[in-house]
Amino acid sequence: MTLVGQVTARALMRRLAVEQNGSRVPSIVAAIVRDGRIVWQAGRGRTTGPAGPDASRVAEGGEPTPATQYRLGSITKSMVAVVVMRLRDEGLLDLADPVGRHVPEARAGEATIAQLLSHTGGLTAEPPTDWWERTPGVPAGELLGRLGPGEVKHRPGRRYHYSNAGYALLGEVVARVRKAPWLEAVRAEVLEPLGMRDTTARPRPPHATGYAVHPYADVLLTEPEHDHAAMAPAGQLWSTAGDLARWASFVAGDTGGVLEAGTLAEMREPATVDDGDAWTGGYGLGLQLARHQGRRLAGHTGSMPGFLATVWADPAEATGALFLANTTSGVGRTLLFDLLAILDEHEPRLPREWAPQAADPGLLALTGLWHWGPAPFTLRLLPDRGLSLAPVSGGGRASRFVPREDGTWLGLDGYYAGETLRVAADHLDLNSFVFTREPYDPRAPIPGGAGEWHTPNA
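Along every chain, residues carry numbers that run from 1 in the direction the sequence is written. Two thresholds apply to this predicted model, a pLDDT of at least 70 for residue-level local features and 80 or more for giving and counting side-chain atom pairs, whereas whole-chain, interface and lining totals are computed over all residues. For the side-chain quantities, the full set of heavy atoms in the structure was used; hydrogens and water were omitted.

S.K.: Please explain the overall build of the protein chain as it appears in this structure.
M.R.: In terms of regular secondary structure, the protein chain is built from 10 helices and 20 strands. Taken along the three principal axes of its C-alpha coordinates, the protein chain extends 90 × 60 × 45 Å. The 458 residues of the protein chain split such that 48% are buried. Any two residues whose heavy atoms approach within 4.5 Å are treated as being in contact. Long-range contacts, defined here as pairs at least 24 residues apart, represent 60% of the contacts in the protein chain between residues at least 6 apart. In these tables, accessible area is a Shrake-Rupley quantity obtained with a 1.4 Å probe, and a residue counts as shielded only by the protein chains included in the view. Total accessible area on the protein chain stands at roughly 21,500 Å², and carbon and sulfur atoms take up 52% of it. Put simply, DSSP H or I for four residues or longer makes a helix, DSSP E for two residues or longer makes a strand, and each gets a number counted from the N terminus. Note on classification: 1.4 Å probe, protein chains only; a residue is buried when its accessible area is under 20% of the maximum for its type, exposed when over 50%, partly exposed between these limits.

S.K.: How should helix 6 (residues 182–191) be read in this particular structure?
M.R.: Given 3.6 residues per helical turn, the α-helix brings residues three or four places apart onto the same face. Among the 10 residues that make up helix 6, 7 are buried, leaving the element largely enclosed by the rest of the structure. Those residues of helix 6 that sit buried are Trp182, Leu183, Ala185, Val186, Glu189, Val190 and Leu191. Mapping the buried residues of helix 6 onto a view down its axis gives an arc of 155°, with all of them on the same face. Taken together, the buried residues of helix 6 touch helix 2 (75–89), helix 5 (164–178) and helix 7 (241–252). Directions pointing from the helix axis toward each C-beta atom define the arc.

S.K.: Sorry if this is basic, but what is going on with the sheet that holds strand 10 (residues 295–304) here?
M.R.: As a general point, the strands of a sheet are linked pairwise by backbone hydrogen bonds and lie either parallel or antiparallel. The 8 strands are arranged 2-1-12-11-10-9-8-7 in an open sheet whose pairing can be described as antiparallel. Edge positions in the sheet fall to strand 2 (37–45) and strand 7 (272–273), since each has one partner strand and no second. Across 5 bridges, strand 9 (residues 288–292) lies against strand 10 in antiparallel orientation. Residue pairing in the sheet places Ala290 in a bridge with Leu297 of strand 10. With respect to the sheet, helix 7 is in contact with strand 1 (27–34), strand 2, strand 10, strand 11 (307–314) and strand 12 (319–325), its orientation differing from that of strand 11 by roughly 35°. Interaxial angle, 0 to 180 degrees, is taken between N-to-C directions of lines fitted to C-alpha atoms, where a helix line uses only the stretch in contact. Packing against the sheet, helix 9 (residues 335–346) makes contact with strand 1, strand 2, strand 9, strand 10, strand 11 and strand 12, and its axis sits at approximately 140° to strand 12. Should DSSP find at least two bridges between two strands, the strands are taken to pair.

S.K.: Help me understand the sheet that holds strand 18 (residues 420–423), please; the structure alone is not making it clear to me.
M.R.: Spatial ordering of the closed barrel is given by 13-14-15-16-17-18-19-20, a layout of 8 strands whose pairing is antiparallel. Direction aside, neighbouring strands of the sheet carry axes that sit 30° apart on average. Across 3 bridges, the pairing between strand 16 (residues 399–403) and strand 17 (residues 409–411) is antiparallel. Bridged to Val402 within strand 17 is Leu410.

S.K.: Would you explain the packing of aromatic side chains in this entry?
M.R.: The relative placement of two aromatic rings is captured by the distance of their centres and the angle of their planes. In this analysis, rings of Phe, Tyr and Trp, with Trp reduced to its six-membered ring, are considered paired at centre separations within 6.5 Å, and the interplanar angle assigns stacked below 30 degrees, edge-to-face beyond 60, and tilted for intermediate values. A complete count under the given rule lists 10 aromatic pairs for this structure. With centroids separated by 5.0 Å and ring planes inclined at 70°, the aromatic side chains of Trp238 and Phe307 adopt a geometry described as edge-to-face. Residue Trp238 is located in strand 6 (residues 238–239), and its partner Phe307 is located in strand 11; the two are separated by 69 residues in the primary sequence. The residues Trp238 and Phe307 share a single accessibility class, namely buried. Aromatic side chains Phe377 and Phe435 sit 5.2 Å apart centroid to centroid with 85° between the ring planes, which places their arrangement in the edge-to-face category. One end of the pair, Phe377, is in strand 14 (residues 375–381); the other, Phe435, is in strand 20 (residues 433–436), with 58 residues separating them in the sequence. Each member of the pair Phe377 and Phe435 is classed as buried. Every member of this aromatic cluster is reached through a ring pair, and the members are Tyr70, Trp238 and Phe307. Throughout this description, the term charge over a ring refers to an Arg CZ or Lys NZ atom that lies within 6 Å of the ring centre and within 35 degrees of the ring normal. Of note, Arg397 hangs over the ring of Trp372, and the distance from its end group to the ring centre comes to 6.0 Å. In this arrangement the basic side chain of Arg397 is found over the ring face of Tyr415, its NZ or CZ atom lying 3.7 Å from the centre.

S.K.: What is the right way to read the environment of Pro66 from this model?
M.R.: Checked against the element boundaries, Pro66 lands in the loop between strand 2 and strand 3 (70–71). The spatial distance from the C-alpha of Pro66 to the C-alpha of Asp35 is 19 Å, given a sequence separation of 31 residues. With sequence-adjacent residues up to four places away left out, Pro66 is seen in contact with Gln41, Thr240, Ala241 and Gly242.

Structural data, given as structure tokens:
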């Protein structure tokens, strides 16, 4: 399937072929979405065949198709997180709730729902069981009994520490609050409304076989697959390129009524970063975040024995990319970044056509120069009666504001996110800071007063 030009399609296919060959991936399928539609999709390799010394016969297996299932791994977490956010929006839980409020027998229950969503709850990365990804899972009651205080590795909120066990707890929170299994809630509230009917808990034909590729020879080992029971919310689901493309469109902003746009935006906000200087990777509420060459991406990686998967979405461009592969390791981190860059290079999106907008005369009169003390700021009028207040210098405390019914404005982002802007004829009151038309205008009610400007003696 392709809606891009032949030159673009060829360049995308070559990048995928280089990855499949160079990383020795048995099979891989990738896709790009733009404006809610798949504009390119392709597969490479073979999905099944014998393993062991005779593994060269893998070529007898089928080529990957849009209907071929692969394991999603930790992309499952994001879908569980969406249900948690729906519960928050319905008022059935609060993100500040300790998990023990909803799962009383969770002995490591001091971490909050938000901290578990963002991997800042301090819980152990892996559950205190056998290697959970390669063995049958244990029931929720048994896992809860094992997750004692000794499995808390860091003070909740202290730092980012990825925790599969934390998402097992979130799956149990969903089950307790919804009074239904986590998978039933995900299917009814996320998968079915988005039309993701090929996303299932266990594989169905046709599906790829999971392989490990020998590091020093071109032979394969078949990897195991199990029902992971209580750990399933951390990585159980299987899906197809078509379904994952719909998920990429969702993360990019096409919510299909599953979430309010503001809630999805909240999930994409950085809650923590995993490198502290100039961050390139981080985590929101159930979504991984990345910054690459000016893009701000949200999505998730996935890894289970025999499978890798990743989806990244760029909400600013309503674009996303994904891949699914049946190998335990090896696919390069930059594959999807490169595919998006190829699309931009060959078929860049044109800016929207500018057109004049109607303006409220009263708001129009507010635009222009204002001063916070001696510092000049510019107030601009945005569509739908919104306002933008930013320093003339271009740096510092810039924020956008939307109107509220009581005549005030609510800060959307930047330093004043969540704060209240009140507008008067001669000043702006922004959370007690007073902006005036002239620097420290003595005619405006400035707390502390404003005297005259003085020049030094010659």
